[in-house]
Amino acid sequence: MPGCTEIPSAPSATPAASHPLSHQEIPIQFHPTILLFPALDEEDLTALADNIKEHGLLHPVVLDRDGQVLDGRNRLKACEIAETEPSFTTYEGDDPDGYVLSANLHRRNLTKGQLAMITAKACLLSEQSDRPPSGQSSRFLSGQLGMSRGIVSKANVVLQHAPDHVDPVISGATGLNEAYAVAQENKAKANSAEVQLARLRKEDPELADRVVEGSLTLAGAWAERTERSEEDKRQRRVATQLLCEVLPSLAQVRGSQTFALYDPQFAAPGRAVTREVIAHATTALDEMAAVWKERDLP
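The present account deals with the structure reproduced in this document. What you are looking at is a predicted structure, and each value in this text was computed from that prediction instead of being measured.

## Comments concerning the layout of surface pockets
Alright, step 1. Of the volumes computed, that of the largest pocket is approximately 970 Å³.
Alright, step 2. Contributions of two or more residues to the lining of the largest pocket are made by helix H10 (218-252) and helix H11 (275-294).
Alright, step 3. Counting residues per element, the lining of the largest pocket draws most heavily on H11, at eight residues.
Alright, step 4. Partitioning the lining of the largest pocket into residue classes produces 20 nonpolar, five polar and three charged.

Pasting the structure below:
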């Protein structure tokens, strides 16, 4: 993934010579990447504790220079269960993220979907932090674990479009393919929403702004847009019918004796034609002519 350097394989990440330390001498903190790996279940942890109790801790817990655990979180817990003091060693390399991935991916019985999801999330965390980025995860997985880059791409799609499925994939509760299907659906919906929002912005910027602000849902905005459109259509229909009734009749009396034959005594109540009415009508015709010219109507 962008912004990541090559992750070293486990053999090249060589820790310093081990040295026993009291469990109480240092505060135990864990490197963020190691926390991505699911902890052993109770049965496996008990088995590990029994083995340590019988044979001792064969592989020391690996710390970085800041004392964070890079490898051995489960061994540390098993030592506590076995009441055995753990020993520690310090990783002296310059790629702690890569070491965590390399050491744990090689030792754990995880599916390729889990591995891809863990590495994708680890690289994202590295990019978001002040830690130096730690590797092309796709190159690492395809080169070291025989995994295609396609499966890593799936993990990245899940990371971006179905983030609530990331941890279930890592824990094994959800398969990567299942999560990827959800992510694709979410991505399609997002793309569709973006298209609809762009169209709404073109047709009604005010409604689009309300959607962006969160005061109106996209569906609600389109419902309101449809309602406005229907009201606008109704008003245009009424206006058109009115003008079509009035103007053609007025145009027909042009050049005739109709005006000279006007007699106020025959006018309907409230419908008399006065000089004021004629002035208003003239203004209305001027306004209408300007609109027709602006709209380039015949």
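Having seen it, we continue.
## Concerning the packing of helix H8 (residues 176-203) against H10
The axes of two packed helices give the description: the angle between them and the distance between them.
Alright, step 1. Put simply, H8 and H10 touch, their axes get as near as 11 Å, and they point 35° apart. H10 is crossed by H8, and the crossing has left-handed handedness. Of the residues in H10, those touching H8 at Ala 193, Gln 196, Leu 197, Arg 199, Leu 200 and Glu 203 are Leu 218, Ala 221, Trp 222 and Arg 225.
Alright, step 2. In terms of residue class, the contact of H8 with H10 is built from six nonpolar, one polar and three charged.

## Re the packing of aromatic side chains
Alright, step 1. This model, assessed by the stated rule, comprises one aromatic pair.
Alright, step 2. When the centroid spacing of 4.8 Å and the interplanar angle of 20° are considered together, the rings of Tyr 91 and Tyr 99 count as stacked. Note on accessibility: Tyr 91 and Tyr 99 belong to one class, buried.

## As for the packing of helix H6 (residues 149-161) against H8
Alright, step 1. As a packed pair, H6 and H8 sit with axes 8 Å apart at the nearest point and diverge in direction by 55°. Comparing the axis directions of H6 and H8 gives the class oblique. Considering only the axes of H6 and H8, their crossing is left-handed. Contacts between H6 and H8 involve Ile 151, Lys 154, Ala 155, Val 157, Val 158 and His 161 from the first element and Leu 176, Asn 177, Ala 179, Tyr 180, Ala 183, Asn 186 and Lys 187 from the second.

## Let's talk about the pattern of salt bridges
Alright, step 1. All told, the structure shown has 16 salt bridges when counted by the stated rule.
Alright, step 2. Among the salt bridges present, the one from Lys 189 reaches Glu 185, with a minimum N-O distance of 3.4 Å. Here Glu 185 and Lys 189 lie together in helix H8, a separation of four residues that amounts to about one turn.
Alright, step 3. Glu 185 sits in the partly exposed class, given a relative accessible area of 45%.
Alright, step 4. Because the salt bridges share partners, they merge into one network encompassing Arg 199, Glu 203, Asp 204, Glu 206, Arg 210, Glu 224, Arg 225 and Arg 228.

Analysis parameters
Residues numbered from 1 in each chain as written. Predicted model: local features only at pLDDT ≥ 70, side-chain atom pairs only at ≥ 80, totals over all residues. Heavy atoms only, no water. 1 Å grid on protein atoms, 1.4 Å probe; cavity = no way out; pocket = protein on both sides within 12 Å on 5 of 7 lines; lining within 4 Å. Points joined across faces, edges and corners; volume = space filled by probe spheres on them. Helix = DSSP H or I, 4+ residues; strand = E, 2+ residues; numbered from the N terminus. Nonpolar A, V, L, I, M, F, W, Y, C, P; charged D, E, K, R; others polar. Axes fitted to C-alpha atoms, helices over the stretch in contact; angles between N-to-C directions. Left-handed = near helix turned anticlockwise from the far one by under 90°. Contact = heavy atoms within 4.5 Å. Phe/Tyr/Trp six-rings, centres within 6.5 Å; stacked < 30°, edge-to-face > 60°. Buried < 20%, exposed > 50% of the residue type's maximum accessible area, 1.4 Å probe, protein only. Parallel < 35°, antiparallel > 145°, perpendicular 65-115°, else oblique. Salt bridge = Lys/Arg side-chain N within 4 Å of Asp/Glu carboxyl O.

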